[in-house]
Amino acid sequence: MTDKEVSQFVFPNEQPVVALECKQAFDALTSREKLYAHYLSKASWFGGLIVLLQTSPESPIIFSLLHRLYREQTLEDLRNFALNHCSLTESEFQALLVYSSGVFTNMGNYKGFGDSKFIPNLPKEKLETLIKSSIAYQKDQSVVEKLWKLCCDVMYSLDSKKRQLGLGEKGVTTYFSSNCTMEDANFINSFLKSKGIEAYNTRLFKTNDAEHGRQYEVRLASSLKNDADTERVFLGTYEFENAKIEVTRGDYDKLMELVVENLKTAKSYAANDTEVKMIDEYVRSFSTGSLPAHKEGSRFWIKDKGPVIETYIGFIETYRDPAGQRGEFEGFVAMVNKEMSAKFTTLVEKAETFLPQLPWPPSFEKDRFLRPDFTSLDVLTFAGSGIPAGINIPNYDEIRQSEGFKNVSLGNVIPANYKDTVIPFLTKDDQDALNKYRVGAFEVQVGLHELLGHGSGKLFCRNKDGTFNFDKGTVDPLTGNCVASYYEPGDTYDSKFTTIGSAYEECRAECVGLYLSLDPDVLKIFGYEGEEAANITYVNWLSMVWAGLRGLEMYQPDHYQWGQAHSQARFVILQVLLEAEEGLVEIEEKIGDDGNPDLLLTLDRSKIVPFGKEAIGKFLQKIQVFKSTGDIDSAKDIFAKYSFVDMPVSKGLPFLSYRDIVIARRQPRKMFVQMNTVARGNEDVQLINYEPTDRKSVV
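Residues numbered from 1 in each chain as written. Predicted model: local features only at pLDDT ≥ 70, side-chain atom pairs only at ≥ 80, totals over all residues. Heavy atoms only, no water.

Undergrad: Can you help me understand the environment of Leu75 in this one?
TA: Structurally, Leu75 is set in helix 6 (residues 75–85). Separated by 22 residues in the primary sequence, Leu75 and Leu97 place their C-alpha atoms 9.4 Å from one another. (Helix = DSSP H or I, 4+ residues; strand = E, 2+ residues; numbered from the N terminus.)

Spelled out as structure tokens, the structure:
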């Protein structure tokens, strides 16, 4: 690979690091609330280590090696030794710190946003010299030597398959054994459906036996081993279509034990019986591997209205499973921001007036809108591969459709993301507009995206008793005929939409946000009227198409696939708007002030209402109808049409070559330094604050 190509897989030494501020909110807690937050945070952090095992085979080894390196001596001592005795330059030592920060913040050696690999930006020989000269090596030579040998080559490898996460020849995954293919994933999907099992907390391992044929192990995450007698539902050996399938448990058992232990301690400080029952079910789930127990915990969670400490934990988002069904572990703990939450509460109260504006018939909307808790939170702890700006959970269809859900906006994440950001590809006026309005615009978009995007739309289902949850005479607005498809018993959105499910749903929610951000009454809830409201709407639409262009960095041309669901979703929206009307969105290739290739993206604000809204509305109706009816073939067709980079549908623009320009001018995503808590006895919890530097992210 050329140096230019390798540069895509390293973090720059100037990698931005920002602090996730929450001191004011934490200081306002009572001692009991602080202890509750502390032990929930410990449970989340221990569970977050599972992500290392879910990312790549080498991630936990690299993490352990670096942890030992930094644990045994101060950074200043290590730096002096590296420069004076190991021939590292200042730049190379900085590169090591940045790489280490990347491993710790992404929980592995693949980016949490984009799923592409990153490698150390210093020679392997120099890193080896430093490691073998370190105090960590001197104290435990055999262990450190073994760790280094296990990861040194793969840590630096940029073979085609190693560059990104994926299944089979498309990339690296630990959700499946290395001999699994997408055919195996689909086969096991059919088995799981037949048994009423969902895959959120599972991994799949395949063995081929000449005598017995195909054999699979579906392994559940739990602290209890497979031979424990407690709650053995689903455990056992099955014969299915000439294959032997064993369902076991005990995956991540040691880490799950620590999660359970700290949840039990946190329960002592819960504020009410609902929180106690919620934690009891989480403990049951993480102990036994029971996903139904986690669903019960989630039911109690959505009933816990307006808590001072908000938290959720488990195997949640399926973005990184190549088959789109297995959840990555995450856990968060946060304090409610009352001022911003009041705006979201008003949005919830008026949601039923906005839902009818969405471009699908009432029969395609849920029978009853279940008003959720919607709060803005200051994050204390977010353990996982990355920190989102907003969340709509739980992801279980049967709960979301008929019982409810919660929305949270992670309020201190949004402004932190926008600190000191360079804005390429826009005019000076648009750059100024983004700098002035995009925090406000993004808060509006997050609110609409989470509440009325993910929270809207009905799934048409046939029940186990043969009845239907919809009128069989319901007319499909796209065909004019009666609805012809629906979800069968055992089907879920994830099991039907599999590999496109995450990006498709994010695209649908983003479209809802764009569509409703044109409503003055929505903007008024957030405090925007008149010219300011018009500017917020413009910046929201501009941010979306700009993100669609910049998201080309996440496209993997070698495998014709996208590495990030949100980026693919926004690129699809860009394509839809490029197709809508001449002059609504324009992209021009030019030479930048630095003499290198550049791009200029413009959005005509006068054409957003007459043309942009219509285009998004028509597209949104289609993707909602396909989702409601489980029409996966039509969904795949339309989504592939607008996702394809190599031969784009809109205006014949050369997006593959634009990708090279985007990569050349990309800005690294910020790494977050989170605060930490330390309990001193049973009465006092101290909040530890760290400076936002790469040095503080590794201590």
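Picking up after the structure, the text goes on.
Undergrad: I tried to follow the nonpolar core on my own but got confused; where do I start?
TA: Side chains that are nonpolar tend, in soluble globular proteins, to be buried together. Grouped together as the largest cluster of nonpolar side chains are 100 residues, with contacts concentrated most on Tyr36, Tyr70, Met155, Leu263, Phe332 and Leu410. Tyr36 has contacts with Ala266, Tyr269, Ala270, Glu275, Met278, Ile279, Ile309 and Thr311, leaving out every residue within four places of it along the chain. Among the nonpolar cores identified, the runner-up in size contains 94 residues, and Ala433, Ile525, Val539 and Leu603 belong to it. (Core = buried A, V, L, I, M, F, W, Y, C linked by side-chain atoms within 4.5 Å. Buried < 20%, exposed > 50% of the residue type's maximum accessible area, 1.4 Å probe, protein only. Contact = heavy atoms within 4.5 Å.)

Undergrad: For this particular structure, what's the right way to read the pairing of strand 10 (residues 406–410)?
TA: Consecutive side chains along a regular strand alternate between the two faces of the sheet. The buried fraction of strand 10 amounts to 5 of the 5 residues, a majority that puts the element mostly inside the structure. In terms of strand pairing, strand 8 (residues 373–383) meets strand 10 through 5 bridges, oriented parallel. Considered in strand 10, the bridge of Phe374 is made with Asn407. (Pairing = 2+ DSSP bridges.)

Undergrad: How should the side chain of Ser100 be read in this particular structure?
TA: Following the sequence through the fold, Ser100 ends up in helix 7 (residues 90–106). Polar side-chain contacts of Ser100 include one of 2.6 Å to the side chain of Tyr70. (Polar contact = N/O pair within 3.5 Å; in protein donor to acceptor, adjacent residues only side chain to side chain.)

Undergrad: Quick question: what am I supposed to make of helix 11 (residues 182–195) here?
TA: At 3.6 residues per turn, the α-helix brings residues three or four places apart onto the same side. An ideal rise of 1.5 Å per residue puts 20 Å on 14 residues; helix 11 measures up with 20 Å between its terminal C-alpha atoms. If you check which residues of helix 11 are buried, you get Asp184, Ala185, Phe187, Ile188, Asn189, Phe191 and Leu192. Positive phi appears at Gly196, one or two residues downstream of helix 11, with a value of about 70°. (Expected span 1.5 Å × (residues − 1).)

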